[in-house]
Amino acid sequence: MRAQETVQRLLDDEGSTLAARAGINLENKPAPLYRLLVLVTLLSARIKAELAVSAARELAEFGTAQKMCDATWQQRVDALDRGHYVRYDESTSTALGKGAQLLIDRYHGDLRRMRAKADGDLDVLRELLTEVPRIGPVGADVFCREVQLVWPEIRPFFDEKALAGARKLGLRADPDALAELVEGHDLARLATALAMTS
């Protein structure tokens, strides 16, 4: 099967981003970018992606860093519990509060300021993301995989998990080669689908 056909089938079967699954209409605006960061924070625990997505939907009412900061610890725990994110609900509530405060203090609650600070340097962006509580290198990769939809300067971004998925499907595990198989706006979908395949 040709690489393009493999990719098209994959996108037809698994081709939605995690952000889309969590009800986030990703745009280069503070609220949707923050909601993506919350989703990545949730995904950074040892928990099924479906539970993190469900909890992110429940946390949508706290869709900005300021709203998350203003919410009580118990309100965050209750939202996590509604999303069935119960194993790590208390520690995650604390991490979300601290992360929101960090964003307010350093970036006025706007991840576009983090983007500006990185100035197109992917390594710097990944390092800045890992300063957010709970987010490690893998979480930073998930954020970059998804945000390339609206931050084209980091395209094409295929982390090791996505490249492993490409190898599994017999595709060249090379970001530039993979990028040739889809339009730029589909890179995030392809990267996520490949990561879910690995």
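Right, let's walk through the structure included here.

### Remarks on the overall build of the protein
For step 1, the next point in the chain: For the protein, the count of helices and strands is 13 helices and zero strands.
For step 2, the next point in the chain: Listing the helices and strands of the protein from first to last along the sequence gives α-α-α-α-α-α-α-α-α-α-α-α-α.
For step 3, the next point in the chain: If one aligns the C-alpha atoms of the protein with their principal axes, the spans along those axes are about 55 × 35 × 25 Å.
For step 4, the next point in the chain: Across the 198 residues that make up the protein, the buried fraction comes to 49%.
For step 5, the next point in the chain: Within the protein, counting contacts between residues at least 6 apart in sequence, those at least 24 apart form 60% of the total.
For step 6, the next point in the chain: Within the structure as shown, the protein displays about 9300 Å² of accessible surface, and the carbon and sulfur contribution to it stands at 47%.

### Digging into the packing of helix α8 (residues 111-118) against helix α9 (residues 122-129)
For step 1, the next point in the chain: It is the contact of α8 with α9, at a shortest axis distance of 8 Å, that shows an interaxial angle of 140°. Judged by the angle between their axes, α8 and α9 are oblique. Handedness of the α8/α9 crossing: right-handed. Between α8 and α9, the residues in contact are Met-114, Lys-117 and Ala-118 and Val-124, Leu-125, Leu-128 and Leu-129, respectively.
For step 2, the next point in the chain: Class assignment of the residues belonging to the contact of α8 with α9 gives a composition of six nonpolar, no polar and one charged.

### Considering helix α13 (residues 187-197)
For step 1, the next point in the chain: Taking burial as the measure, the 11 residues of α13 include nine buried ones, the bulk of the element.
For step 2, the next point in the chain: Along α13, the residues that are buried comprise Leu-187, Ala-188, Leu-190, Ala-191, Thr-192, Ala-193, Leu-194, Ala-195 and Thr-197.
For step 3, the next point in the chain: Buried-residue contacts for α13 involve α1 (3-14), α2 (18-21), α10 (137-147), α11 (160-168) and α12 (175-179).

### Topic: the side chain of Thr-197
For step 1, the next point in the chain: Structurally, Thr-197 is set in helix α13.
For step 2, the next point in the chain: At a separation of 2.8 Å, a polar atom in the side chain of Thr-197 contacts the main-chain carbonyl oxygen of Ala-193.
For step 3, the next point in the chain: Once residues lying within four places of it in the same chain are set aside, the contact partners of Thr-197 are Leu-10, Gly-165, Lys-168 and Leu-169.

### Re a negative patch on the surface
For step 1, the next point in the chain: Taken together, the side chains of Asp-119, Asp-121, Asp-123 and Glu-127 present a region of like negative charge at the surface.
For step 2, the next point in the chain: Relative to the helices and strands, Asp-119 is located in the loop between α8 and α9.
For step 3, the next point in the chain: Taking the relative accessible area as the measure of exposure, Asp-119 reaches 67% and is therefore exposed.

### Side note on the packing of aromatic side chains
For step 1, the next point in the chain: All told, the structure shown has one aromatic pair when counted by the stated rule.
For step 2, the next point in the chain: Their ring planes at 65° and their centres at 5.9 Å tell us that Phe-143 and Trp-151 sit as a pair that is edge-to-face.
For step 3, the next point in the chain: Residue Trp-151 is classed as buried on the basis of its relative accessible area, which comes to 0%.

### Side note on the environment of Ala-166
For step 1, the next point in the chain: Take Ala-166: it is sitting in helix α11.
For step 2, the next point in the chain: You can call Ala-166 buried: its relative accessible area is 0%.
For step 3, the next point in the chain: When the C-alpha atoms of Ala-166 and Leu-194 are compared, they prove to be 6.0 Å apart, with 28 residues separating the residues in sequence.
For step 4, the next point in the chain: Residue contacts for Ala-166: discarding those within four places in its chain leaves Leu-171, Arg-172, Ala-173, Leu-178 and Leu-194.

### Some points on unusual backbone geometry
For step 1, the next point in the chain: Between Arg-155 and Pro-156 the backbone carries a cis peptide bond, its omega angle lying at -10°.
For step 2, the next point in the chain: Take Pro-156: it is sitting in the loop between α10 and α11.
For step 3, the next point in the chain: With a phi close to 50°, Asp-119 is a non-glycine residue in the positive phi region.
For step 4, the next point in the chain: Positive phi, close to 85°, is recorded for Arg-134, a residue that is not glycine.
For step 5, the next point in the chain: The exposure class assigned to Arg-134 is partly exposed, which follows from its relative accessible area of 29%.

Conventions used here
- Residues numbered from 1 in each chain as written.
- Predicted model: local features only at pLDDT ≥ 70, side-chain atom pairs only at ≥ 80, totals over all residues.
- Heavy atoms only, no water.
- Helix = DSSP H or I, 4+ residues; strand = E, 2+ residues; numbered from the N terminus.
- Buried < 20%, exposed > 50% of the residue type's maximum accessible area, 1.4 Å probe, protein only.
- Contact = heavy atoms within 4.5 Å.
- Areas by Shrake-Rupley, 256 points an atom, 1.4 Å probe, with all protein chains shown as cover.
- Axes fitted to C-alpha atoms, helices over the stretch in contact; angles between N-to-C directions.
- Parallel < 35°, antiparallel > 145°, perpendicular 65-115°, else oblique.
- Left-handed = near helix turned anticlockwise from the far one by under 90°.
- Nonpolar A, V, L, I, M, F, W, Y, C, P; charged D, E, K, R; others polar.
- Polar contact = N/O pair within 3.5 Å; in protein donor to acceptor, adjacent residues only side chain to side chain.
- Patch = residues over 30% accessible without salt bridge, like charges linked within 9 Å, V, L, I, M, F, W, Y side chains within 5 Å.
- Salt bridge = Lys/Arg side-chain N within 4 Å of Asp/Glu carboxyl O.
- Lys, Arg positive; Asp, Glu negative; His and termini not counted.
- Charge placed at Lys NZ, Arg CZ, Asp CG, Glu CD.
- Phe/Tyr/Trp six-rings, centres within 6.5 Å; stacked < 30°, edge-to-face > 60°.

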